[in-house]
Amino acid sequence: MEESLNNELDHISPLNENIPDEEGIQHLNNPVTDLKPIVKQYLTSVKEVKKENNKFYFSDGSARVEVRVVSDEIIRVRLAPHGVFLDDFSYAVPQVDQKVTLFRLEETTDHYLISTNVVTCRVSKADFLISFIDIHTGLVSGSDASAMHWEENVEFGGYYVFATKHCQPEENFFGLGDKSGNMNLRGRKFQNWNTDAYSYGWDQDPLYRTIPFYMGINEGATYGIFFDNTFRSYFDFGKEDNVKTSFWADGGELQYYYMHGPHMMDVVKRYQSLTGTHQLPPKWAIGYHQCRWSYYPESKVREIAEGFRSREIPCDAIYLDIDYMDGYRCFTWNKKYFPDPKKMIKDLANIGMKTVVMIDPGIKVDDNYWVFKEGKENNYFCRRSDDYFMEGHVWPGRCQFPDFTNPEVREWWGGLYKELVDLGVAGVWNDMNEPAVFGSGTFPNDVRHNYDGRRGSHRKAHNVYGMQMVRSTYDGLKKLQRNKRPFTITRAGYSGMQRYACVWTGDNVATWEHLKIANIQCQRMSISGVPFCGTDIGGFSGEPDGELFTRWIQLGVFSPFMRAHSAGDTSEREPWSFGEPFTSINRKFIELRYKLMPYIYSVFWEHHRYGFPILRPLAMLEQENIANHFRQDEFTFGDKILVCPVLEQGATSRRIYLPKGKWYNFWSHELLNGEDEYVIDTPLETMPLFVRAGSIVPEYPVMQYVGEKPIDEVWLNVYYADYEVNSFMYEDHGDTFAYEQDIYLEKKFNVKGDGRSLHIEQSIEGLYTPNYELYDYNVIGLPFTVGKIFVDDKEIFDFSIDEQKCLRFKSNKNFMRINILKA
Ligand code: GLC
């Protein structure tokens, strides 16, 4: 007996949870009452098949499996251990079915085959193993190593559910969103349970968000699995057993979507087609933002805002952290610190500074506080299983918490923002919504939730709590601001959160290691469906020196969300806080963000409309090159700009890899061949940046904030290539939903060089009319002396070559065709 106890303890996972691990051994807290392993049940053999439209039901006589053809490339699999499926409801996937061209069921001696034009889902009759096969190449992906299995949860009811797939010898894994270690997930095990992870470390797990979506790349082809299960979930990518990849959860349904590639980009787009893309943010939201816990009183806020303007460092928003509130009561103001918020916000707006405020979920228990009273009277706060209110301590002291999984509560909460909107607040930052509770970490499991009328304990609702909070914030602001795009930020979330908010990566630390984590984290979030992501520039806790802060600003220019933030007990952390040369370099890089604004905005559009991720790691750019599965520093922002941040203290050069094609050094215009490594100098005032040959990168003049001045001309940087490349530029009003009525312009540029000439074509879609008339060209890398230039077949004579050997000329913004010919 003693020996077996030791054996069992050997198996206790580091998570030390009261759940079975993949070995099938349940670790209960009470070893006296439970020493015997609970045996898992596996699907046996297929006894029956039924078809209902795009759904196929397979049964082994007791358990049932539904295989649903969602689109030509997406297939969903669900398991009902005793034949009864749960309500088909998901916070992540608002609508399951997409367009399917054709699908069919075939039966062979050993298998059932459900095929679309692209992929076959194969179910083996004898052992119920499921796999997916590319119709054209025959490559098998995501194949079960053992049949889907489950185990009854005697304490809570329902089942622990498990899937185990083959992990191929050279297969690598990416995704899962909010993880803090290496980008490649192979050989590691993770769990998802939204956690307030103050000062988290490298590889600490879990963190703030749950994105149970991963991609496997094997033999140069990518597929994806989205395990849509909100309970605490686990992923093992060949850690416990090198040849197996498993995922499992503490409850709920074993339900996953298989998404076909073959390219990683295809899979990400398919994942976004299920869970949605980010709305276009208001343009000011992609400027530079300044935050701190906290800027107060009002005089301090004004001093910081004016500090940006007097030093001519661009900035679009300043944040008010919890201290603006009265005793941390959400939706109130501390009148001592902020006697006239309306006037302050207006004065800030007059110098182009937007005000963003924090709102937390914990509502102070105080019968004289209107939010608490309303919540109490309407029964909006969460309760424990025995009907007591869920109470816990957060910033205001003893709090109760709205149940955001109740649609009525969401509606109420969304309306609470009215006064803030009336005061002129431009954006809302939802924090502590894992939910975080001091001491215990979060709610106990027995807290009850409405779960949109379907009911559930906190085990089921925990991971969606933050997402539903920010959903109600977003929807509320959308109503209150009428046609204006809301700007919301959330710390916690679940797959699909991108429909409602951008995210920051929580309480990081001012260390070089965290700069590395930041770089990987943003890339990983981007390919995990949450592209509008940023980190606390400079590190939340601890003290960066000038060098670290500047390197972080440089990375921040190419983080979709660019905000500096720091904890209250740290020194000043504005771009000028470190003196020279740091201030000037920080200014230069923040200015670069504003120059690139039309490019950055276009990349956001590409994400919103087409589901492209904003940051694209090397593994995505060249998945067929296995070495790239391990390179994690370089990424492209959109399709055109390759970024290689400097992540080491004192680095004067760094090694970089350029993917296929030709690349211009952004600073020197030197042209380099891709598929090769280079060592690039990295003095503090630069960061390695490259532009894909053939690109057009639009540029605005530097502004101190978005919309500071009217745009007279848009600068088009054209990077010559002796092949053909398309570029896009998107334009619209910048902060309304008019784009939903086609009031936007999507311009496509086609650039083609042949050594003797360069041709540029433009096609335009949409109905928006920008105010400027001219494009001002800056053609880089022309390999010939210019003789003639024709714009729409009309020769123009006004051109010049500048000191950087770039060709300069102008044309009307509506040109269709430009030919630049050799002398
Ligand atoms: C949390 C947030 C942090 C914020 C602080 C005070 O730690 O992650 O960003 O400044 O709370 O509100």
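Residues numbered from 1 in each chain as written. Predicted model: local features only at pLDDT ≥ 70, side-chain atom pairs only at ≥ 80, totals over all residues. Heavy atoms only, no water.

S.K.: Quick one: what's the story with the packing of aromatic side chains, residue by residue and with numbers?
M.R.: If you walk through the whole model with that rule in mind, you get 71 aromatic pairs. Both rings, one in Tyr 599 and one in Phe 637, keep their centres 6.4 Å apart while their planes meet at 45°; by these two values the pair is tilted. Taken together, the residues Tyr 599 in helix H12 (residues 597–610) and Phe 637 in strand S37 (residues 635–637) connect sequence positions 38 residues apart. Accessibility classification places Tyr 599 together with Phe 637 in one group, the buried group. Aromatic ring contacts, followed pair by pair, group Phe 331, Tyr 380, Phe 401, Phe 404, Trp 412, Trp 413, Tyr 417, Phe 443 and Tyr 465 into a single cluster. Looking at Lys 460, its charged tip hangs above the ring of Tyr 451, at a distance of 4.6 Å from the centre. (Phe/Tyr/Trp six-rings, centres within 6.5 Å; stacked < 30°, edge-to-face > 60°. Helix = DSSP H or I, 4+ residues; strand = E, 2+ residues; numbered from the N terminus. Buried < 20%, exposed > 50% of the residue type's maximum accessible area, 1.4 Å probe, protein only. Lys NZ or Arg CZ within 6 Å of the ring centre and 35° of its normal.)

S.K.: Residues and numbers for helix H8 (residues 458–480), please.
M.R.: Over its 23 residues, H8 extends 30 Å from the first C-alpha to the last, a length consistent with the 33 Å expected when each residue adds 1.5 Å. The sharpest bend along H8 reaches about 50° and sits at Val 464. Judged by how many residues are buried, H8 sits mostly within the fold: 19 of 23 residues are covered. The first or second residue beyond H8 is Arg 482, which carries a positive phi of 55°. (Expected span 1.5 Å × (residues − 1). Bend = angle between axes of the 7 residues up to and from the residue.)

S.K.: Could you give me a rundown of the domain arrangement of the chain, with the residues and numbers involved?
M.R.: Domain parsing of the chain yields domain 1 (2–34), domain 2 (41–275), domain 3 (283–359 + 407–566), domain 4 (615–691) and domain 5 (710–822). When each unit is reduced to the centre of its C-alpha atoms, the spacing between domain 2 and domain 4 is 34 Å. Contacts between domain 2 and domain 4 engage 16 residues on the former and 10 residues on the latter. If you look at where domain 2 meets domain 4, you find 0 salt bridges. Elements with a contribution of two residues or more to the side of domain 2 that touches domain 4: strand S13 (172–175), strand S17 (221–227) and helix H2 (264–275). At 3 residues, H2 tops the list of elements feeding residues into the side of domain 2 that touches domain 4. In terms of residue class, the side of domain 2 that touches domain 4 is built from 9 nonpolar, 6 polar and 1 charged. (Domains from an automatic or database assignment. Contact = heavy atoms within 4.5 Å. Salt bridge = Lys/Arg side-chain N within 4 Å of Asp/Glu carboxyl O. Nonpolar A, V, L, I, M, F, W, Y, C, P; charged D, E, K, R; others polar.)

S.K.: Describe the sheet that holds strand S9 (residues 130–134), naming the residues involved and giving the relevant values.
M.R.: Strand pairing in a sheet relies on backbone hydrogen bonds. The paired strands run either parallel or antiparallel. Taken together, the 5 strands give an open sheet; going across it, the order is S6-S7-S8-S9-S10, and neighbouring strands pair in antiparallel fashion. Single-partner strands in this sheet number two, and they are strand S6 (104–107) and strand S10 (140–141). (Pairing = 2+ DSSP bridges.)

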